Amino acid sequence: TEAMAQAIAKRDKARIIPTGSMALNALGLSTQMPMNVVYLTDGAARKITIGKRKIVFKKTAPKNLATIGKISGLVIQAAKEIGKDKLYDHEKEIIIKQLKKEEPYRLEHDIKLAPEWIRIIMRQALKNSDNEISFVAESVFLPGLFLLPGQVISSDRFMIYAAENPYAALEG
């Protein structure tokens, strides 16, 4: 059914993303394969029956389809399906493990599209083994200006000092 949904989306020039049980299954959070698969789409809303199975396309806001990472898009949908206060620690660990497979720039982009409670989980996947964290800085004064990991920017008005000891950073 996934291949058929992708073919329909390609034909209609629409974007789709799986929701619910399918997103949970794709991430390894559930072993259940749903009989009715639901996709969010920017194409036409419709239901397609294939034997006993159904593919449902639900119209959604463009923001829900704006993720550029396949894994992070699935994580957002799966976490929404489980719910904010119903996500167990072992499920968070699985999500973080899956997100570590995502390219960091995709993950950093998609974090901004997630609800805050999901962002907190997604940010944990950016931590390196050396207890470092990668982040994206966005200018409040110049919207659209992003400082990505590895990029450097200087200004006579703004500086970021990073050190193991926060007081040592102030002395820099």
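Attention here is on the structure that accompanies the text. (Residues numbered from 1 in each chain as written. Predicted model: local features only at pLDDT ≥ 70, side-chain atom pairs only at ≥ 80, totals over all residues. Heavy atoms only, no water.)

**Regarding the pattern of salt bridges**
The criterion, for reference: The salt bridge criterion pairs a side-chain nitrogen of Lys or Arg with a carboxyl oxygen of Asp or Glu, the two atoms within 4 Å. A run of H or I in DSSP becomes a helix once it reaches four residues, and a run of E becomes a strand once it reaches two; helices and strands are each numbered from the N terminus. Burial classes: relative accessible area under 20% of the type maximum marks a residue as buried, over 50% as exposed, and values in between as partly exposed (1.4 Å probe, protein chains only).
All told, the structure shown has six salt bridges when counted by the stated rule. The closest approach of N and O atoms between D12 and R11, which form a salt bridge, is 2.9 Å. Its salt-bridge partner being D12, residue R46 comes within 2.3 Å of it at the nearest N-O pair. Taken together, the residues R46 in strand 3 (residues 46-50) and D12 in helix 1 (residues 2-12) connect sequence positions 34 residues apart. Taking relative accessible area as the criterion, R46 reaches 26% and is therefore assigned partly exposed. In the salt-bridge network here, residues are joined through shared partners; they are R11, D12 and R46.

**Observations concerning helix 6 (residues 116-124)**
As a reminder, the rule being used: Arc definition: it is the arc formed by the directions from the helix axis to the C-beta atoms. Contact criterion: two residues are considered in contact whenever any of their non-hydrogen atoms come within 4.5 Å of each other.
What helix 6 keeps buried is the set I118, I121 and M122. The buried residues of helix 6 occupy an angular sector of 100 degrees when projected down its axis, which confines them to one face. Buried residues along helix 6 sit in contact with helix 3 (70-82), helix 4 (89-99) and helix 5 (104-111).

**Examining the side chain of S30**
Test applied: Any N or O atom pair separated by 3.5 Å or less is treated as a polar contact, with the protein-specific requirement of one donor-capable and one acceptor-capable atom, and with residues adjacent in sequence counted only for side-chain atom pairs.
Tracing the sequence through the fold places S30 in the loop between helix 2 (20-26) and strand 2 (36-41). Side-chain polar atoms of S30 contact the backbone nitrogen of Q32, separated by 3.1 Å.

**A word on helix 1**
Along helix 1, the residues classified as buried are A5, I8 and A9. Down the axis of helix 1, the buried set is contained in an arc of 100 degrees. They therefore lie on one face. Facing away from the buried side of helix 1, by more than 90 degrees, are the exposed residues A3, K10 and R11. Buried positions along helix 1 lie against strand 1 (16-18), strand 2, strand 3 and strand 4 (53-59).

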